[in-house]
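Overview (structure and organization)
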Amino acid sequence: MKPREHQHLEREPILGWDVGGTKCAAVVGTAEGSIVSRSEWATETTPGPEAMCQRFLAAAQELYTSFGPFAGAGVSIGGPLNIRSGVVLSPPHLPGWVNIPLREIVARECADMLVSGAPVVVQHDAAACLCAEYLWGAAAGTSHSIYLTCGTGCGSGIMVDRKILVGPNGESPEVGYAQLADDGATMDFCGIQRTGHVEAFGSGTGISLLATHRFPQKFPPGVSLRAIAEQAASGDRDACAVIDEAAARLGQLCVTLAAIFAPQVIIIGSLARHLGDAWLRRVEESFREGALPVNSKATKICAGKLGESLQDLSAIAPVVVEAGLRG
């Protein structure tokens, strides 16, 4: 069912902003999952929240001239943030973004670009990716699903009974902080030094640190994930051991998630694309070895289906979900 107050918005385009630590994009898309226009720029050219907001608003105004008015505005951005209030708290990859009332800013500054009653949604990027995969990708048709970003960091979006899981004060589920092992690489997680946690195994940054931790004579500090993966592909035993350990630990995380949420699908983000099918099969193998059958027999472990379009679609997907534009 579409909420009555949003039924008329189904025909209008949606404005979106994908906020990343490397790049940003302003997009216009539809409730059917098509991106009709986009404008991209490097994040480092617009440092700080004020400059970044102004750059987005300028891009939005240009898009409005050709495609407006908009049925809603969505923002996909890394946490921590308060999803309920739309306040960005302190993302480690966005210096200066401390207690920024982003939803209020976008709603106010884009008011003349939006149709009456249009929703403005600021969503954690992992949950936004899950919304996109739920609407148009690997989680389509599910009621319980999980998306693990597994990129530079490791974040999560969790859907329970077709609703994104959000804490009472707008918290997102930060599975990257959860403990998996007593040892391993030590890395910063939102200002806290952690060892053996999910992000230390389930992110590109973590795997790089893990390689240096396990084999310091072979892998110098700052070694890239690509270099480790290339050595593993050539049969290097130590590189293979690092890649295998990361996969096994991620499978261990999936065991816990399935035991708690019984999801129909757990979607693995960037690492699944970069490390390939063999690595993903190792994640699933580890998962099957330890999973509780009654809560996991229907769980599929897979890569996302949306590929390079995911980030753009994640900017508009939370609006589609919020407004119920696809029923």
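A brief structural summary.

Reading the values: rules and limits
Here, residues in each chain are numbered from 1, in the same order as that chain's written sequence. Thresholds applied to this predicted model are a pLDDT of at least 70 for local features of residues and 80 or more for the giving and counting of side-chain atom pairs; totals over whole chains, interfaces and linings are not thresholded and use all residues. Note that water and hydrogens are dropped before the side-chain values are worked out from all heavy atoms of the structure. Orientation is described by axes fitted as lines to C-alpha atoms, over the contacting stretch for helices, and by angles from 0 to 180 degrees between their N-to-C directions. Each helix is a run of H or I in the DSSP string that is no shorter than four residues. Each strand is a run of E no shorter than two, and both are numbered from the N terminus. Any angle that falls under 35 degrees is termed roughly parallel, while one over 145 is termed roughly antiparallel, one within 65 to 115 roughly perpendicular, and all others oblique. Each crossing is labelled by how the near helix is turned from the far one, with a counterclockwise turn of less than a right angle marking it left-handed and a clockwise turn marking it right-handed. The criterion used for residue contact is that any of the two residues' heavy atoms lie within 4.5 Å. Pairing between two strands is assigned when DSSP locates at least 2 bridges connecting them. Here a helix's expected span is defined as the number of its residues, less one, multiplied by 1.5 Å. To sort residues, take the accessible area from a 1.4 Å probe on protein chains only and compare it with the maximum for the residue type: under 20% means buried, over 50% means exposed, and anything in between is partly exposed.

**What about the packing of helix 5 (residues 225–233) against helix 6 (residues 237–261)?**
Across the interface, helix 5 lies against helix 6 with an axial gap of 7 Å and an inter-helix angle of 115°. When the axes of helix 5 and helix 6 are compared, the pair comes out roughly perpendicular. Like other packed secondary-structure pairs, helix 5 and helix 6 cross with a definite hand, here left-handed. Every residue of helix 6 that contacts helix 5 at Leu225, Ile228, Gln231 and Ala232 is listed here: Ala239, Cys240, Val242 and Ile243.

**Side note on the sheet that holds strand 7 (residues 100–101)**
An order of 5-6-7 is seen for the 3 strands of this open sheet, with the pairing classed as antiparallel. Of all strands in the sheet, those with a lone pairing partner are strand 5 (81–82) and strand 7, marking the two edges. Across 2 bridges, the pairing between strand 6 (residues 87–88) and strand 7 is antiparallel. Note on strand 7: the bridge partner recorded for Val88 is Ile100.

**Considerations on the pairing of strand 13 (residues 192–195)**
As paired strands, strand 12 (residues 186–189) and strand 13 are joined by 4 bridges and run antiparallel to one another. Looking across to strand 13, one finds that Phe189 is bridged to Ile192. Between the antiparallel neighbours strand 12 and strand 13 lie 2 residues, among them Cys190 with a positive phi of about 50°.

**Things to note about helix 3 (residues 125–136)**
A rise of 1.5 Å per residue sets the reference length of helix 3, with its 12 residues, at 16 Å; its end C-alpha atoms lie 16 Å apart and thus fit the reference within 8%. Listing the buried residues of helix 3 in full gives Ala126, Ala127, Ala128, Cys129, Leu130, Cys131, Ala132, Glu133, Tyr134, Leu135 and Trp136.

Purely spatial values, then, with no claim about function.
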